[in-house]
Amino acid sequence: MISDGLEDEEKWLAAGVAGLQQNSFYMHRALDSNNLKDALKYSAQMLSELRTSRLSPQKYYELYMRAFDELRKLEMFFREENRRGCSVVELYELVQHAGNILPRSYLLCTVGSVYIKSKEAPAKDILKDLVEMCRGIQHPLRGLFLRSYLSQVSRDKLPDIGSEYEGDENTVMDAIEFVLQNFTEMNKLWVRMQHQGPTREKEKREKERSELRDLVGKNLHVLSQIEGVDLDIYRETVLPRVLEQVVNCKDELAQCYLMDCIIQVFPDEYHLQTLETLLGACPQLQGTVDIKTVLAGLMERLSNYAASSAEVLPQFFQVEAFAKLNNAIDKVIEAQDEMPVDAVVTLYSSLLKFTIHVHSDRLDYVDRILGACVKKLSGKGKLSDSKATKQIVALLSAPLEKYKDIDTVLKLSNYPHVMEYLDDVTNKEMANVIVQSIIKNKSCISTADKVESLFGLIKGLINNLDSKLLEELDEEDFQEEQNYVARLIQMLHNDNPEEMFKMICTIKNHILTGGTKRLPFTVPPLIFNSLQLVRQLQSQDENATEDEAPVTPKKIFQMLNQTIEALISVPVPELALWLYLQCAEAANDCDLEPVAYEFFTQAYILYEEEVTDSKAQVTAIHLIIGTLQRMHVFGIENRDTLTHKATGYSAKLLKKPDQCRAVYACSHLFWVDDHDIKDGERVMLCLKRALRIANAAQQMANAARGSSGSVILFIEILNKYLYFYEKGLSQITLASVQSLIELITNEMQNENSASDPAAEAFFASTLRYIQFQKNKGGAVGEKYEPIKV
Amino acid sequence: MHFQNTWLPEPFSRETETLTKALQKSFEIQYLDNINFSSDEFISPWYFQVNAFKPACHVAVTFSDGKTRKQIHLKKEKGQTVMVPLFQSQENISGQISIEPISGKKLEHNGIKVELLGQIEMYFDRGNFYDFTSLVRELDVPGELYERKTYPFEFSTVEMPYETYNGVNVRLRYVLKVTITRGYAGSVVEYQDFVVRNYSPLPSINNSIKMEVGIEDCLHIEFEYNKSKYHLKDVIIGKIYFLLVRIKIKNMDLEIRRRESTGSGPNTHVETETLAKFELMDGAPVRGESIPLRLFLSPYELTPTYHNINNKFSVKYYLNLVLVDEEDRRYFKQQEITMLRLADAS
C-alpha cells in the first residue's frame, strides 16, 4: 500500500511536471512573440498544476520550484512590458481576470512585484493588497507555498530603511506590518494542517509539517533582516506580535519551532533587552511543548553572547538577566506540572551554565540553582531516568569546567545534595569527573574540611556503595579509577604539619571504609603522604619539644600502624609488609627505636603467618634484609634478634638457590661500614653456609637430573668473597678465594656440567675485575696481586 | 441575530453537474474568450446578406457620421459578428441611401422608403417581429432608375428607449429597412442594423449588500458586496466572513448569473445563464477567516438590468455565492444586483 502510494505520487508529480512544462513552452512562445494575452493564458494554465492536492509537501515543493523558475521569467517579461509602456496598473488588473484563484494569486504577486518596482503606486499599498488577496488560499499546503512565494518576491522590495522603496508614506513600519501579517497567516495555515485529515495519519502529518516549517520560519528571518527593526521597534511591535501569534496558535510543533526561531534569528542584544517579554510567553505555551530546549537554546545563546566580550556583561547586570531567567524557569516548572525530571534538570543545567558565564563571581547564584534543583528532586529517590541522569552530570560538570578549581565547587553547599540523586554508577562516574578535573587542573586542596567535603563528593569511588556493582565492574576500569584516586590522595597537601595531619586523618577515615578491593590502591599513597610529613617534621623541628607539638612523628606512626593493619585483612600481606618496612625505615630516621622495632615485628609476623608463596617469600626476605641493613637505630639486642630471625628465615626458604642467595645476602647484615658493624665471624658463617648450600644444590641437581647444576651460585659467592676481601675482612684468606676460583674453574671444565653462557660470562667478568684491581696498583693492587687467575 | 435559513444545501442534480462541467471547461479558456475577442473570425459586410439570388440592384446605407461614429460588434445568426454603428436614444439618425441598378439595367419601382424599426423577436415565435418603434421616410415616388441614385434621409431625435439585446429566448434589435417596392419581381428589401445603448447616471443611492446566512450549527457566514448597483466596467469588492464552519469546504466561487424572463403571466419563461464563475477561495477556512473578493466585471459580456421591456421581457443579474464541500454538495446564496451602463464606459 505504502509503496503504491509513493509510486502514485511519483506519477502525479510527473504528470504535474509534464503539464507545467507544456504550458510553460507555450508561455515562452507567447513571451517571445510579445503576446501578452497568450502569455497570461498559458501562465495561468501552467500555474493550475499547482492546484493539485495529491502531492506530499516534498513533491509539491519540486513542482513549485519549477513553477517558480518560470515565474521569474514571466516577471522579467512584465518588467519589460512595463518599460515598453504597458501600464503596470492595467497588468495588475488583467491578471486578476483569471478565474481560478491559485493561478490568479501567483500572477498577482508576480505583477505586484513589478508594480512595486515601477513605483507607480506606494509600495505599502501594493504589499498590503497582495498579502490580503492571498487570503483566498485557505488550503494549508497551497497557501503556504503561495505566501512563501509572496515573501520571496517581496523581500528586496520592502520599504526598509535605506531601501529605495522607503520614503514619503512608505515607512519601515509598513514593511514590518506586511511581513508580520504574512507570517501570521502562514502560521495559521501551518497549524491548521495538524487538524485536517484522519487522526490515524497524525504522525505522517507531523512529519510533513516539520518539512514545511522553514517556510514559516523564513518570515522571522526576513523580519530580522529588516534594517529598520531596531530595539524599540522590536520591543514594541515585532516581538509582541510574533509572540501573540505563537502563544495563540496553541500548537505544540509551531510553538516549539517558532520560539527557537525567534531565539536564533534575532540579535542577542535584543533578547537581553526583552527578556521579560520573551520569557513571559514561556509559561503560556502548551504543556507538551519542549520548553526546556527552547529555554536552553536561549540561555546558551546568551551565555555565548556574554562570553563573546566583557563589554556586554554590564547589560546583563542592568537587565537583571539572572533573576529573570531564574524566575521564568521557576514559573515554567510550576506551570507544567508533569514536566519530566530530565526537562527540569536540563533547565537548571542551562541556567547554571548561563550563570557561570555571566556571573562568574556569584557563587550564591550557582548554589541557589543547585538548591532549587535539589528541591525539585527531593522525594523522588535516586534517578533511574538516563536522560535526567545525563543532565545532572552536565549540571554538575559545568562548575568544574568553568572554575577549574575544586575549591570553588566545594563551597557550593548544594552540590553534594544534587549528587545524591544520581544512581550509583553515575555517581561514581561523576566522582571520576571530579577527580580527573582536580588532577588535570592540579587544584590544591589544603584543609581537612575541604578534604572532608571532597571525599563526601567522591564517595562513589571511595566507599562500597553496592557490593554487587563492584563485582560487575570491569577489572581494568576499576584499577584505572582507583589509580586516579591514588593520584588524588597524593595531591592533597598542606605545608602546615598540623593541618596536613588532620587531612591525613580525614583521608584515612574515608579510605578505610573503602573495602578490601580498594585498600591496596588507596593505602599506599596515604602512607607515603604521611611519611613525607614525618620527614618534613623531622627536618623542621630538630630541636622542638616533641610531646607538646600537636603533631609528632610518633602520633603519625601510631596512625600508620593502624592503617596498614587494615591491609592485612584484604589480604595483601606483601604490600603490608613492604609498607611496614617503609615505615620502619622512616622511624629509623626519626630515631624512634621502639617504633621501628614494632614495625619490623609486624613485618616479621606477616612474613611468618601470611607470606606463604615461596616466590613472595624470596622477595620479602630480600626486602627485609635490605631494610634491616640500613637500620641504625637498633641497639645490639634488638638488632641481634632481628638479624637472627632474618638469617633464620633465609635458611628456611624452599629452593636451595634461593636459600643460598638469601644467606649470602644476610652476610651484609653483619658488616655495615657506615654504622660500624663489623662482625667478621658471622659474615664468614653466612658465606660458608652459603657455600654449603650451593654445594648441596649442585649435588641435588646431579642426583635429580644427572648433570651438575650451574656454577653460578659459586660465582656469586666468589663475588661476595671478593667484596669482603676488599673490605679487609681478616677471616677471608687469599687461599679461600683461590680455592673458590679453582673450584669454579674445575666445575666449568667438568664435562658433566651443562654449558651455561651466562655463568661463563659472569665468571669471565669477575676474573677481569680481579685483573683490573691488580693493575690498579696501590693497596688494592697489592691485595689482589697474589690471586692467581 | 437572525439567520435566514434560506440557505439550503442543494442536492447534486444531474443538470447542475452538466452545467458545472461545461462552465469549468469554458473557464479554462476564459482568457481566450475575454481578452482575445474573436479577432480572427470572419466579418462579413452587410451587403453580402442581401437577397442572395440575382439582386436587381445594389443598395448601400451610409450614415452621415459613419466615419467618426463608434462601431461595435454585433452578433448575428450563425455566430457571425458584424461591425455596426452605435446610437443612443434621442439621437438623430441620418445618412444616405444609394441605389445602383445592376449594369445599366433599368429598375422600375413603385416607390422607395426607409423605415427605422425597433423590433422584439421572441424565439418561440421566430421570424415574427414585434415592432415597438416604427418610423417611415418616403424616399422616392414610383418611377424608374437608370443609374445610381443617392437619397439622403434623416430621423431626428428618435426615441429609442430600449437597448439592443441578444438573449437566449429573445432579441431586441434596431434596423433601418429600405424597401424598393416593385410590382412584379418582388420588392427589394435591404436591412441595416445598428445598435442602441442608453446610459444611466451614477445612482444617487447605492447601498452595499450585507447579509448573514447559514445552516444552523453547520455553517454561518456573513458576506458583503460593496454596492448593490454596478456599472458594466465596475469592480465588485467584498468580503466573506466565516463565523462558523463545521463542514469541510473545498472551495468557494462567485457566479454572475443572468435571469432572462420572457412572456408574461402563465406563459412566463425564465432562462438563467451563468456568465461568470470566479473562484474566491481554495481550501477549507476556519471560523474567523475573512476572504476578500475583488471581481472585475469588464471581461464579462454583461448588459444593464432591463425591467419589463415593452411587456415582453426582463433581464436581471444575480451574484451567486457558492460553497462546495468535499462531497461536492453546493451551498449557495443568490443576491440580485442592478447593472447599469455608465456614459463614459462604452
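Being a predicted model, the structure only gives us computed values, none of them experimental. (Residues numbered from 1 in each chain as written. Chains lettered and ligands numbered in written order. Predicted model: local features only at pLDDT ≥ 70, side-chain atom pairs only at ≥ 80, totals over all residues. Heavy atoms only, no water.)

J.: Help me understand the overall build of chain B in this model?
T.: A count of helical and extended segments in chain B gives 2 helices and 23 strands. Relative to its 346 residues, chain B shows a buried fraction of 48%. A separation of at least 24 residues holds for 69% of the contacts in chain B among residues at least 6 apart in sequence. Carbon and sulfur atoms make up 50% of the accessible area of chain B, which amounts to about 17,600 Å² in all. (Helix = DSSP H or I, 4+ residues; strand = E, 2+ residues; numbered from the N terminus. Buried < 20%, exposed > 50% of the residue type's maximum accessible area, 1.4 Å probe, protein only. Contact = heavy atoms within 4.5 Å. Areas by Shrake-Rupley, 256 points an atom, 1.4 Å probe, with all protein chains shown as cover.)

J.: Which parts of the structure should I look at to understand the overall build of chain A?
T.: Check the secondary structure of chain A and you find 39 helices and 2 strands. On C-alpha atoms alone, chain A measures out to a radius of gyration of 45 Å, which is more than a quarter above the 28 Å that the 2.2 N^0.38 rule sets for 789 residues. Expressed along its principal axes, the backbone C-alpha trace of chain A runs to roughly 135 × 70 × 55 Å. Here chain A holds 789 residues, and the buried ones make up 54% of them. By sequence separation, contacts in chain A at least 24 residues apart represent 72% of the contacts at least 6 residues apart. Counting every atom, chain A has about 35,200 Å² of accessible surface; 48% of that belongs to carbon and sulfur. The centroid of the 87 positive side-chain charges in chain A is displaced by 4 Å from the centroid of its 113 negative side-chain charges. (Rg over C-alpha atoms; globule rule 2.2 N^0.38 Å. Lys, Arg positive; Asp, Glu negative; His and termini not counted. Charge placed at Lys NZ, Arg CZ, Asp CG, Glu CD.)

J.: Can you walk me through the packing of helix α5 (residues 101–118) of chain A against helix α7 (residues 140–154) of chain A in this structure?
T.: Each packed pair of helices is defined by two parameters, the angle between the axes and the distance between the axes. Residues and elements named next belong to chain A. In the contact formed by α5 and α7, the axes pass within 9 Å of each other and the chain directions differ by 10 degrees. As summarised for this structure, α5 and α7 are arranged roughly parallel, according to the angle between their axes. For the pair α5 and α7, contact is made by Leu102, Ser105, Tyr106, Cys109, Thr110 and Ser113 and by Arg142, Phe145, Leu146, Tyr149, Leu150 and Val153, respectively. Across the contact of α5 with α7, the residue classes tally to 8 nonpolar, 3 polar and 1 charged. (Axes fitted to C-alpha atoms, helices over the stretch in contact; angles between N-to-C directions. Parallel < 35°, antiparallel > 145°, perpendicular 65-115°, else oblique. Nonpolar A, V, L, I, M, F, W, Y, C, P; charged D, E, K, R; others polar.)

J.: Would you take a moment to explain the pairing of strand β7 (residues 112–122) of chain B for this structure?
T.: Consecutive side chains along a regular strand alternate between the two faces of the sheet. All names here are of chain B. In terms of residue burial, β7 counts as a mostly covered element, since 10 of its 11 residues are buried. Taking the residues between adjacent antiparallel strands as the criterion, β7 and strand β8 (residues 129–140) are bridged by 6 residues, where Gly127 takes a positive phi near 90 degrees. Judged from the 11 bridges that link them, β7 and strand β12 (residues 170–180) form a sheet pairing that is antiparallel. Residue pairing across strands places Gly118 opposite Tyr174, the latter belonging to β12. (Pairing = 2+ DSSP bridges.)

J.: What exactly am I supposed to notice about the interface of chain B and chain A here?
T.: How big an interface is tends to be stated in terms of the accessible area lost upon association of its parts. Residue-level contacts link 26 residues of chain B with 31 residues of chain A. Overall, the association of chain B and chain A removes approximately 2,400 Å² of surface from exposure, summing both partners, and the carbon and sulfur fraction of that is 52%. Summed over the shared surface of chain B and chain A, the result is 6 salt bridges. The interface formed by chain B and chain A contains 13 residue pairs in polar contact (both at pLDDT 80 or more). Broken down by secondary-structure element, the contributors of at least two residues to the side of chain B that touches chain A are α1 (14–28), α2 (30–34), β19 (269–282) and β20 (290–296) of chain B. With 6 residues, β19(B) is the single largest residue contributor to the side of chain B that touches chain A. The residue inventory of the side of chain B that touches chain A, partitioned by class, reads 15 nonpolar, 4 polar and 7 charged. (Buried area = accessible area lost by both parts, 1.4 Å probe. Salt bridge = Lys/Arg side-chain N within 4 Å of Asp/Glu carboxyl O. Polar contact = N/O pair within 3.5 Å; in protein donor to acceptor, adjacent residues only side chain to side chain.)

J.: How do you make sense of helix α18 (residues 363–377) of chain A when you look at a structure like this?
T.: Because the α-helix completes a turn every 3.6 residues, residues three or four places apart line up on one side. Residue and element names in this part refer to chain A. When the terminal C-alpha atoms of α18 are compared, their 21 Å separation across 15 residues agrees well with the 21 Å that a helix rising 1.5 Å per residue should span. Within α18, the full set of buried residues consists of Leu363, Tyr365, Val366, Asp367, Ile369, Leu370, Gly371, Cys373, Val374 and Leu377. Elements that come into contact with the buried residues of α18 comprise α16 (321–335), α17 (341–358), α19 (386–403), α20 (406–410) and α21 (415–419). Phi for Gly379, located one or two positions after α18, is positive at around 85 degrees. (Expected span 1.5 Å × (residues − 1).)

J.: Even after reading the chapter, I still don't get the packing of aromatic side chains, so can you show me in this structure?
T.: By convention here, two paired aromatic rings are described through the distance between centres and the angle between planes. Following the criterion strictly, the structure yields 42 aromatic pairs over all chains and no others. For the pair Tyr725(A) and Tyr784(A), a centre-to-centre distance of 6.0 Å together with 90 degrees between the ring planes defines the contact as edge-to-face. Here Tyr784(A) lies in helix α39 (residues 778–784) and Tyr725(A) lies in helix α36 (residues 712–727), a separation of 59 residues in the sequence. The residues Tyr725(A) and Tyr784(A) share a single accessibility class, namely buried. Measuring from centroid to centroid gives 5.6 Å for Tyr165(B) and Tyr306(B), while their planes differ by 80 degrees, and the two rings are edge-to-face. Residue Tyr165(B) is found in strand β11 (residues 165–166), and its partner Tyr306(B) is found in strand β21 (residues 306–309); the two are separated by 141 residues along the sequence. For the pair formed by Tyr165(B) and Tyr306(B), the shared burial category is buried. An aromatic cluster is defined as three or more aromatic residues linked by ring pairs; in this entry it consists of Tyr60(A), Tyr61(A), Tyr64(A), Phe68(A), Tyr106(A), Phe145(A) and Tyr149(A). Its end group placed over the ring of Tyr365(A), Arg362(A) keeps NZ or CZ at 4.2 Å from the ring centre. Here Arg173(B) stacks its cationic end above the ring of Phe129(B), 4.6 Å away from the centre of that ring. (Phe/Tyr/Trp six-rings, centres within 6.5 Å; stacked < 30°, edge-to-face > 60°. Lys NZ or Arg CZ within 6 Å of the ring centre and 35° of its normal.)

J.: Is there a simple way to explain the nonpolar core in this structure?
T.: In terms of nonpolar packing, the biggest core is built from 279 residues, with Ile262(A), Phe316(A), Tyr415(A), Ile434(A) and Phe557(A) touching the most fellow members. Looking at this core, the element that brings in the most residues is helix α8 (residues 172–193) of chain A, giving 12 residues. In this view, Ile434(A) contacts Leu400(A), Ile406(A), Tyr415(A), Met419(A), Leu454(A), Leu457(A) and Ile458(A); residues no more than four positions away in its chain are not counted. Core analysis: the second largest hydrophobic core is formed by 73 residues, Met122(B), Leu139(B), Tyr225(B) and Leu232(B) among them. (Core = buried A, V, L, I, M, F, W, Y, C linked by side-chain atoms within 4.5 Å.)

J.: In this structure, what is going on with the side chain of Asp268(A)? I would like to understand it.
T.: Assignment of secondary structure puts Asp268(A) in helix α12 (residues 268–273). When near neighbours in sequence (up to four residues on either side) are disregarded, Asp268(A) contacts Arg301(A), Leu302(A) and Tyr305(A).

J.: Looking at this structure, how should I read a negative patch on the surface?
T.: Residues Asp330(A), Glu334(A), Asp337(A) and Glu338(A) make up a contiguous surface patch of negative charge. Secondary-structure assignment places Asp337(A) in the loop between α16 and α17. (Patch = residues over 30% accessible without salt bridge, like charges linked within 9 Å, V, L, I, M, F, W, Y side chains within 5 Å.)

J.: Sorry, what's going on with the domain arrangement of chain A here?
T.: Once the domains are mapped, chain A shows domain 1 (1–121), domain 2 (124–266), domain 3 (283–412), domain 4 (423–570) and domain 5 (695–789). Distance from the C-alpha centre of domain 1 of chain A to the C-alpha centre of domain 3 of chain A: 51 Å. (Domains from an automatic or database assignment.)

J.: How should I be thinking about the confidence of the model for chain B in this particular structure?
T.: Caution is warranted with low-pLDDT regions, since their predicted coordinates should not be read in detail. Residues and elements named next belong to chain B. Mean pLDDT for chain B: 83, with 84% of residues reaching 70 or above. When mean pLDDT is taken per element in chain B, β20 scores highest with 97 and α2 scores lowest with 35. Low pLDDT, under 50, characterises residues 1–52; the stretch is placed with 82 contacts to residues that sit more than four places away or in other chains. For this predicted complex, the interface score ipTM comes out at 0.83, alongside a pTM of 0.73. (pLDDT = per-residue confidence, 0-100.)

J.: Sorry, what's going on with the sheet that holds β20(B) here?
T.: By way of backbone hydrogen bonds, the strands of a sheet pair with one another, either parallel or antiparallel. Residue and element names in this part refer to chain B. With respect to topology, 4 strands assemble into an open sheet ordered β14-β15-β17-β20, the strand pairing being antiparallel. Both edges of this open sheet fall to β14 (209–215) and β20, since each of them pairs with a single strand only. Strand-to-strand twist of the sheet, defined as the mean angle between neighbouring strand axes without regard to direction, takes the value 20 degrees. Looking at chain direction, β14 and strand β15 (residues 219–225) are connected through 7 bridges and run antiparallel. By the bridge assignment for β15, Glu212 is matched with Glu222.

J.: I keep staring at the pattern of salt bridges and nothing clicks. Help me out?
T.: Side chains bearing opposite charge may pair, as long as their charged atoms lie close to each other. Applying the stated criterion to the full structure yields 50 salt bridges over all chains. Residue Glu201(A) is joined to Arg200(A) by a salt bridge in which the shortest nitrogen-to-oxygen separation is 3.7 Å. In this structure Glu201(A) comes out as partly exposed when scored by relative accessible area, which is 29%. For Arg200(A), a relative accessible area of 70% puts it in the exposed group. Taken together, the shared-partner salt bridges in this structure form one network comprising Glu132(A), Arg135(A), Glu185(A), Lys188(A), Arg192(A), Lys239(B) and Glu289(B).

J.: What should I look at first to understand unusual backbone geometry in this one?
T.: When glycine is set aside, most residues are seen to have a negative phi, and most peptide bonds are trans. Residues and elements named next belong to chain A. One non-glycine residue with positive phi stands out, namely Asn34, at about 55 degrees. Note on placement: Asn34 falls in the loop between α1 (2–32) and α2 (36–48). Judged by relative accessible area, which is 41%, Asn34 ranks as partly exposed. A positive phi angle, close to 60 degrees, is found at Asp591, a residue other than glycine. Among the structural elements, Asp591 can be located in the loop between α30 (573–589) and α31 (593–609). When its relative accessible area of 52% is taken as the criterion, Asp591 is described as exposed.

J.: When you look at the state of the cysteines in this model, what are you seeing that I'm missing?
T.: Note on terminology: a disulfide is the covalent bond linking the sulfur atoms of two cysteines. Residues and elements named next belong to chain A. Tallied over the entire structure, the rule returns 0 disulfides over all chains. Free of any disulfide, Cys373 has its nearest neighbouring cysteine sulfur in Cys282, separated by 19 Å. With no disulfide of its own, Cys666 lies 5.7 Å from the sulfur of Cys686, the closest cysteine sulfur. What makes Cys666 buried here is its relative accessible area of 0%. (Disulfide = S-S within 2.5 Å.)

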